[in-house]
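Listed below, chain by chain, are the residues.
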Amino acid sequence: MSESVSASELTSQYAAQVRADLEHNAKEQQRLGAEITALQEQLEAHQRNHAVLVSIQQAIGAAPASAEPAAPAAGTKVPAPRATKKTTEADATKRGRAKKTKAAPKPRRGTTKPAAEKGSGKAAASTKSTQPTLVDLIRNHLCEQSEPRSAAEIAAALAQAHPDRSVKTTVVRTTVEGLVAKSQAQRNKQGSSVFYTASAVPDQAAQPKPEEQPAQAGA
C-alpha cells in the first residue's frame, strides 16, 4: 500500500512540475514574441530612414569626398628619397632603350573614320537620347494608377512593360523615395507595407498659353 501511495505522489509531483514548465514556456514565448515584434518595427523604421537619406543624397547630387593624404605640419621638412645605385642603373637602361626605339608613325592628316562607324555612333546616340529614364517611367506609371502601388508592384509592371530593361525592386524603391523627397509622389503606410501614389500636380497643359488666349473685344 505504501508503494502505491508513493507512486501516486511522485506522479502528482511530476504533473505539477510539467504544468509549471508549460506556463513558464508560454510566458517566455510571449515575451520573446513581443521583443521580436519591437525589433522588427525598429528595423523597418531604420530601413525607411536609410532609403529616404539615400534618395535625398541622390537628389542633392552629393558625392562622398575622396580621401586626401594629410598635409605635413608647418615647419617640417620632407626628406627627398635617396637615389641608390640600382635605381640609377635602371634609369640609365630605360633611357638607352627609349633612344633605340623608334617613334610610332603619326596618322596622316585628312584621314576620317569610315561612314559606317559614324552612322552607327549617331544611331546609338539617338537611341539613348530617346529612351526614357527610370524616373520618368515610375512617375508616368504612378500617374496612370488609380490606387496606391508598392515598390515591388511598380517594378513588376515596369519589367513587364519594358522587358529590354533591367528593373530591380531596390532601385525602384530608391527612385520613388527620391520622387517623394521632391514632392512628386506620396508615401502611404498600410501595416508593415509602404505604398506610393502620384502627387496631385496642376495640369499646366490645360492652361491657355499667352498666344492662345482669346483676343479682347475692341483690340
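Residues numbered from 1 in each chain as written. Predicted model: local features only at pLDDT ≥ 70, side-chain atom pairs only at ≥ 80, totals over all residues. Heavy atoms only, no water.

*Asks:* What's the story with the overall build of the protein chain in this structure? I'm lost.
*Replies:* Helix and strand counts for the protein chain come out as 6 helices and 2 strands. From first element to last, N terminus to C terminus, the protein chain shows the α and β order α-α-α-α-α-α-β-β. In the protein chain, which comprises 219 residues, the proportion classed as buried is 13%. Taking the contacts inside the protein chain whose residues are at least 6 apart along the sequence as the reference set, 52% of them involve residues at least 24 apart. Roughly 18,500 Å² of accessible area belongs to the protein chain as shown, and the carbon and sulfur atoms make up 55% of that amount. (Helix = DSSP H or I, 4+ residues; strand = E, 2+ residues; numbered from the N terminus. Buried < 20%, exposed > 50% of the residue type's maximum accessible area, 1.4 Å probe, protein only. Contact = heavy atoms within 4.5 Å. Areas by Shrake-Rupley, 256 points an atom, 1.4 Å probe, with all protein chains shown as cover.)

*Asks:* Sorry if this is basic, but what is going on with the packing of helix H4 (residues 134–144) against helix H6 (residues 169–181) here?
*Replies:* To characterise two packed helices, one gives the angle between the axes of the helices and the distance between these axes. Running from N to C, H4 and H6 point in directions that differ by 75°, and their axes come no closer than 10 Å. When the interaxial angle is binned, H4 and H6 end up roughly perpendicular. Contacts between H4 and H6 pair Leu134, Val135, Ile138, Arg139 and Leu142 from the former with Val171, Val172, Thr175, Val176 and Leu179 from the latter. A per-class count over the contact of H4 with H6 returns 8 nonpolar, 1 polar and 1 charged. (Axes fitted to C-alpha atoms, helices over the stretch in contact; angles between N-to-C directions. Parallel < 35°, antiparallel > 145°, perpendicular 65-115°, else oblique. Nonpolar A, V, L, I, M, F, W, Y, C, P; charged D, E, K, R; others polar.)

*Asks:* I tried to follow unusual backbone geometry on my own but got confused; where do I start?
*Replies:* Keep in mind that most residues, glycine aside, have a negative phi and that most peptide bonds are trans. For Ser183, which is not glycine, the phi dihedral falls at a positive 65°. Tracing the backbone through its elements, the reader meets Ser183 in the loop between H6 and strand S1 (185–190). A relative accessible area of 55% means that Ser183 is categorised as exposed.

*Asks:* What's the story with the layout of surface pockets in this structure? I'm lost.
*Replies:* A water-sized probe rolled over the atoms picks out the places where empty space is left. When its volume is computed, the largest pocket comes out at roughly 380 Å³. Those elements giving two or more residues to the lining of the largest pocket turn out to be helix H1 (2–60), helix H5 (151–161), H6 and strand S2 (193–198). By residue number, the principal contributor to the lining of the largest pocket is H1, which donates 6 residues. Taken together, the residues of the lining of the largest pocket break down into 6 nonpolar, 7 polar and 4 charged. (1 Å grid on protein atoms, 1.4 Å probe; cavity = no way out; pocket = protein on both sides within 12 Å on 5 of 7 lines; lining within 4 Å. Points joined across faces, edges and corners; volume = space filled by probe spheres on them.)

*Asks:* Teacher, can you tell me more about the pattern of salt bridges here?
*Replies:* If charged atoms from side chains of opposite charge come close, those side chains can pair. Going through the model one piece at a time under the given rule, you end up with 5 salt bridges. Measuring nitrogen to oxygen at the nearest pair gives 2.6 Å for the salt bridge that ties Glu28 to Arg31. A residue pair is termed a helical-turn pair when its members lie 3 or 4 positions apart in one helix, as Glu28 and Arg31 do in helix H1 at 3 residues. Since its relative accessible area comes to 27%, Glu28 is described here as partly exposed. What makes Arg31 partly exposed here is its relative accessible area of 40%. A salt bridge links Glu35 to Arg31; the nearest nitrogen and oxygen atoms lie 3.0 Å apart. Within this pair, Glu35 and its partner Arg31 are both found in helix H1, separated by 4 residues, close to a single helical turn. (Salt bridge = Lys/Arg side-chain N within 4 Å of Asp/Glu carboxyl O.)

*Asks:* What am I meant to see in the pairing of S2 here?
*Replies:* Walk down a regular strand and you will see the side chains alternate between the two sheet faces. Here S1 runs beside S2; their pairing, made up of 6 bridges, is antiparallel. Note on S2: the bridge partner recorded for Gln190 is Ser193. Linking S1 to S2, which pair antiparallel, is a turn of 2 residues; within it Gly191 sits at a positive phi near 70°. (Pairing = 2+ DSSP bridges.)

*Asks:* Explanation requested: the nonpolar core in the structure shown.
*Replies:* Taken as a class, soluble globular proteins show a tendency for nonpolar side chains to be buried jointly. Within the largest apolar cluster, 16 residues are counted, with the highest numbers of intra-cluster contacts made by Ile138, Leu142, Ile154, Leu158, Val172 and Tyr196. Residue assignment for this core shows that the elements contributing at least two residues are H4, H5, H6 and S2. Not counting residues up to four positions away in its chain, the partners in contact with Val172 are Ile138, Ala151, Ile154, Ala155 and Val167. (Core = buried A, V, L, I, M, F, W, Y, C linked by side-chain atoms within 4.5 Å.)

*Asks:* How should the packing of H4 against H5 be read in this particular structure?
*Replies:* Where H4 contacts H5, the axes come no closer than 11 Å and their chain directions differ by 110°. The orientation of H4 relative to H5 falls into the category roughly perpendicular. Contacts between H4 and H5 involve Leu134, Leu137, Ile138, His141 and Leu142 from the first element and Ile154, Ala157 and Leu158 from the second.

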